[in-house]
Amino acid sequence: MYTVGIDVGSVTTKGVLLNGRDWRHVIRPTGCSPRQAGLEAFEELLGQAGLVRDDISCVIGTGYGRISIPFIDKAITEITCHARGAHHLLEGADMVVDIGGQDSKVILTDGRGNVVNFAMNDKCAAGTGRFLEVIAAALGADVSELADLARGAEPVQISSMCTVFAESEVISLLAQGVDRGRIIAGIHRSVASRVAAMAERLGKGGLILFTGGVAKNDGVREFLARELGRETLVVPESQLAGALGAALLAREKPVRKER
Amino acid sequence: MRPQMMKIFENMRADNALTVQNAKDNGFKVVGMFCAFSPQELVLAAGALPVSLCGTRQEPIPAAEKTLPRNLCPLIKSSFGFAVTDTCPYFRASDFVIAETTCDGKKKMFELLAQYKPLHVMHLPQGTDRSGALQWWLEEMNLLKERLEEHLEVTINQEDLRAAIKLSNRERQALKNLLEVNRLDPAPLTGMDMLTAIWVRGFNVDKEEGIGLIEQLTEEIRNIAGQGISPFAKGTPRILLTGCPVGTGCEKVVRLLEECGGSVVCYENCTGIKTLEYLVDEDEQRDPMEAIAERYLQIPCSCISPNPGRLELISKLVADYQVDGVVDLSWQACHTYIVEGELVRRHVRDNCGVPYIQLETDYSTSDIEQLKTRISAFIEMLNGS
Ligand code: SF4
Ligand code: SF4
């Protein structure tokens, strides 16, 4: 039985084709048309596997663009899909921390992939990938270099939560001659503590899976683990948790939309 | 099958604006009220028409923001905006306005509002757990009575008060009976329709007629339910809505909850049960003013500190309405409800055994997509368990 999960995020669109224990995936930029990106990801998956639409028992769409893709059988939120996908990617994980480009979320699960509680920040850039991007630009660095630049540095205290104020705070710290690595470490800690505060309110998780674009930044991961006092892991496929979860849910509770 | 009667309720706010105007032309006085703590019995006993002025629409908010800070609860801004733009027929018709010292934003807004209408602010005690609280509130009732008598040029006598108590209790009981039809599973009336039906009580000029309509609607719904008809499939997650007041115009959370696959079966907030649960003691031996004061002080609003009554009420409603999940709606910048949310969250987790979510939003449509994600995820969670 083939099922597909399509996760249309704000920055990238992910697709997973699942069959038994095997799964394959595609990743592409969402660009300005979530609808187009979703469709292309789906067709690419079918093309790679030499399948047609009718071979697929159920397609589930997720992510912020889930409502714009017409070819799916059902839409499920990224919260539910992430929880399910995380369970598959990291056995025993009972909390997912996802920090994406525009939002961050924490999901507490029952350890079997079902959501027990969740919290989201989608109102403000603090504690998201966007925050890191703005600060990286102010420091003349690329986001991908941040973790290396900060390695081993003692974090300075960044007091502003707001992206705009934090940016000017960073500039004035630079002017005072504070080491760039220490500033970046401070920024990592600031993102981590913001998200950790959200996680604390949900209750204790045991093993945490860290996903989303920011999960690539090991500096943030380390502070997150320290703030939460729990093991916080990243797996190579963590970016695919949502799409994989959608494909798994499509297999477990298949629905077929009349077409 | 949607009850036929709903058509009448849908148009009532607009229709009754005319009725109020006619009544005024015939010499009736109109008294506007902002909050569930305003004792409508006193207004009725004075022979005047009580109307609700609680702002539930986005439209007048930009005008209010010329004077009030943007970072203020939308209910306060909407209420004030209606007054300054003169776009609420009920505010315009009001000869006198009753207000209370509830939350900080509201009580200071009333100081500004006093420029537009003769207004009396009742001082609510901070809490109900001090020996002097009831006595204080009774004195406030007596002061309001004097003010009403002065302004409306009437005397409020005991007999009229007793009649007003009976009438108001009947209205509460009728509304409560209506709400209780949704104890059935699946619920026979959508949360959206229920909101429309209970919201218009604030614009019901002729109380007797209003009670009659509510009873007819209840009867019709019972008949529909008797045939086993419901707008919801069996197993649809049943939601209890608690928190800030909701009315027509700011029902977006209720709409989204039902669009995303839930059924809003009960309103704990002061739009619903919170104001209907407690009746005024009709004992003829008692001083009616004291009976009224006692009843209003029972309302478990977050402006009262501490406010254990709300937690008790939530527990009761979760059981009575077979609730699957509790949604706590907080208007942005409503400190009392937002902070109390933490206590509600713990209470629901430890005592009710059902999931809880707090949603913070305003009257605008700017966050619809984000809300939809939260609400859908919450419903998916209820369906999963
Ligand atoms: S929530 Fe409290 S303050 Fe607000 S209208 Fe209701 S009773 Fe009044
Ligand atoms: S919703 Fe909250 S802030 Fe707004 S008027 Fe009511 S108590 Fe005050």
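Residues numbered from 1 in each chain as written. Chains lettered and ligands numbered in written order. Predicted model: local features only at pLDDT ≥ 70, side-chain atom pairs only at ≥ 80, totals over all residues. Heavy atoms only, no water.

**Considerations on the overall build of chain B**
Test applied: A run of DSSP states H or I qualifies as a helix once it reaches four residues; a run of E qualifies as a strand once it reaches two. Both are numbered from the N-terminal end. With the radius of gyration taken over C-alpha atoms, the globule rule is written as 2.2 Å times the number of residues to the power 0.38. Three exposure classes are used, based on accessible area relative to the maximum for each residue type with a 1.4 Å probe and protein chains only: buried under 20%, partly exposed in between, and exposed over 50%. Residues count as neighbours in contact if any of their non-hydrogen atoms are within 4.5 Å of one another. Accessibility throughout is a Shrake-Rupley quantity obtained with a 1.4 Å probe, and a residue counts as covered only by protein chains that appear here.
Each helix and strand in chain B was counted, giving 16 helices and eight strands. Rg of the C-alpha trace for chain B: 20 Å, near the compact-globule value of 21 Å for 385 residues, within the 12% margin. With the principal axes as the frame, chain B shows a C-alpha extent of 60 × 45 × 45 Å. Expressed as a percentage of the 385 residues in chain B, the buried residues total 59%. Pairs at least 24 apart in sequence give 75% of the contacts found in chain B among residues at least 6 apart. Surface exposure of chain B reaches about 15,400 Å², of which carbon and sulfur atoms provide 49%.

**Observations concerning the pairing of strand β3 (residues 22–29) of chain A**
Residue and element names in this part refer to chain A. The condition that has to hold: Whether two strands pair depends on DSSP finding at least two bridges between them.
Of the strand pairs in this sheet, strand β2 (residues 12–19) and β3 are connected by eight bridges, and their pairing is antiparallel. Residue pairing across strands places Leu18 opposite Trp23, the latter belonging to β3. Taking the residues that link successive antiparallel strands as the turn, the β2-β3 hairpin has two residues, and the phi of Gly20 there is positive, at about 60 degrees.

**Details of the site of ligand 1**
Residue and element names in this part refer to chain B. Selection criterion: We call a residue near a given molecule or strand whenever any one of its heavy atoms falls within 4 Å of it. When residues are sorted by character, Ala, Val, Leu, Ile, Met, Phe, Trp, Tyr, Cys and Pro go into the nonpolar class, Asp, Glu, Lys and Arg into the charged class, and all the rest, Gly among them, into the polar class. The source of the domain bounds is an automatic or database domain assignment.
The full set of residues close to ligand 1 is Cys35, Ala36, Phe37, Thr102, Lys106, Pro245, Cys270, Cys301, Cys303 and Tyr337. Looking at side-chain class alone, the shell around ligand 1 contains eight nonpolar, one polar and one charged residues. Two domains each put at least three residues into the shell around ligand 1: domain 1 (6–159) and domain 2 (163–384).

**Some words on helix α5 (residues 163–175) of chain A**
All names here are of chain A. The line we're drawing: A helix is expected to reach a length of 1.5 Å times the quantity of its residues less one. What the arc covers is the set of directions going from the helix axis to the C-beta atoms.
Between its first and last C-alpha atoms α5 spans 18 Å; for 13 residues at 1.5 Å apiece the expected length is 18 Å, and the two agree. Among all positions of α5, only Thr163, Ala166, Glu169, Val170 and Leu173 are buried. The arc enclosing the buried residues of α5, seen along the axis, measures out at 115 degrees, which places them on a common side. Turned more than 90 degrees off the buried face of α5, the exposed positions are Val164, Phe165 and Ala175. Elements in contact with the buried residues of α5: α3 (129–138) and α6 (180–202). Of the residues one or two after α5, Gly177 is the one with positive phi, at around 85 degrees.

**Side note on unusual backbone geometry**
Residue and element names in this part refer to chain B. For the bond running from Asp185 to Pro186, omega is -5 degrees, close enough to zero to count as cis. Following the sequence through the fold, Pro186 ends up in the loop between α9 (158–180) and α10 (191–199). In this model, Gln322 sits at a positive phi of 45 degrees, which is unusual for a non-glycine residue. Relative to the helices and strands, Gln322 is located in the loop between α14 (308–320) and β7 (325–331). Its identity is not glycine, yet Ala333 carries a phi of approximately 70 degrees, on the positive side. Mapped onto the secondary structure, Ala333 falls in the loop between β7 and α15 (335–352).

**Remarks on the nonpolar core**
Here is the rule: Nine residue types can take part in a nonpolar core, namely buried Ala, Val, Leu, Ile, Met, Phe, Trp, Tyr and Cys, and a core is a set of them joined through side-chain atoms within 4.5 Å.
Membership of the largest hydrophobic core comes to 159 residues, with the highest contact counts inside it found for Phe118 of chain A together with Phe9, Leu113, Leu241, Leu257 and Tyr267 of chain B. Examining the composition of this core, we find that eight residues originate from one element, α9 of chain B, more than from any other. When sequence neighbours within four positions are dropped, the list of residues in contact with Tyr267 of chain B reads Leu179, Gly191, Met192, Met194, Leu195, Ile198, Leu241, Val254, Gly272 and Ile273 of chain B. The next biggest cluster of nonpolar side chains, apart from the first, holds 39 residues, and it includes Val97, Val106, Ala196 and Leu224 of chain A.

**Concerning the side chain of Arg374 of chain B**
For clarity, the threshold we go by: Identification of polar contacts relies on pairs of N or O atoms within 3.5 Å, with a donor-acceptor requirement for protein atoms, meaning one able to donate a hydrogen and the other able to accept it, and with residues adjacent in sequence counted only if both atoms are side-chain atoms.
Tracing the chain through its elements places Arg374 of chain B in helix α16 (residues 368–384). Within the local environment of Arg374 of chain B, its side chain forms a polar contact with the backbone oxygen of Met120 of chain A, the two atoms lying 2.9 Å apart. If near-sequence neighbours (up to four positions away) are discounted, Arg374 of chain B is found in contact with Phe118, Met120, Asn121 and Asp122 of chain A together with Ile357 and Leu359 of chain B.

**Notes on the site of ligand 2**
All names here are of chain B. Lining the immediate surroundings of ligand 2 are Cys73, Leu75, Ile76, Cys103, Lys106, Cys244, Cys303, Trp331, Cys334 and Thr336. A breakdown of the residues in the shell around ligand 2 according to their chemical character gives eight nonpolar, one polar and one charged. Each of domain 1 (6–159) and domain 2 (163–384) accounts for three or more of the residues forming the shell around ligand 2.

**A word on the interface of chain A and chain B**
The line we're drawing: Two parts placed together each lose some accessible area; with a 1.4 Å probe, that loss summed over both constitutes the buried area. A carboxyl oxygen of Asp or Glu within 4 Å of a side-chain nitrogen of Lys or Arg is what we treat as a salt bridge.
Tallying the contact residues gives 17 residues for chain A and 16 residues for chain B. Contact between chain A and chain B buries roughly 1,300 Å² in total, counting both sides, with carbon and sulfur atoms accounting for 48%. For the interface between chain A and chain B, the tally reads one salt bridge. Ionic pairing is found between Glu342 of chain B and Arg201 of chain A, a salt bridge with its closest N-O pair at 3.0 Å. Viewed at the interface, chain B and chain A are joined by six residue pairs in polar contact (both at pLDDT 80 or more). Looking at the side of chain A that touches chain B, the elements with two or more residues in it are α2 (78–89) and β8 (115–121) of chain A. At six residues, the largest contribution of residues to the side of chain A that touches chain B is made by β8 of chain A. Here the side of chain A that touches chain B is built from residues that sort into eight nonpolar, four polar and five charged.

**Considerations on α6 of chain A**
The first and last C-alpha atoms of α6 of chain A sit 34 Å apart over 23 residues, in line with the 33 Å expected at 1.5 Å per residue. Among the residues of α6 of chain A, the N-terminal cap falls to Asp179 of chain A, whose side-chain oxygen and the backbone nitrogen of Gly181 of chain A are separated by 3.3 Å.

**Some thoughts on the confidence of the model for chain B**
Heads up, the condition is: Every residue is assigned a pLDDT by the predictor, reflecting its confidence on a scale from 0 to 100.
With 100% of its residues at a pLDDT of 70 or more, chain B has an overall mean of 96. Scored as a whole, the predicted complex attains pTM 0.93, and scored at its interfaces, ipTM 0.88.

**A closer look at the domain arrangement of chain A**
Residues and elements named next belong to chain A. According to the domain assignment, chain A consists of domain 1 (1–90 + 237–259) and domain 2 (92–234). Across the contact, twelve residues belong to domain 1 and 22 residues belong to domain 2. A buried area of about 1,400 Å², summed over both sides, lies between domain 1 and domain 2, and 74% of it is on carbon and sulfur atoms. It is Ile79, Leu90 and Ser238 in domain 1 that bury the most area against domain 2; as a group they hold 43% of the surface buried on that side. Connecting domain 1 to domain 2 are zero salt bridges. If you tally residues by element for the side of domain 1 that touches domain 2, the top one is α2, at eight residues.

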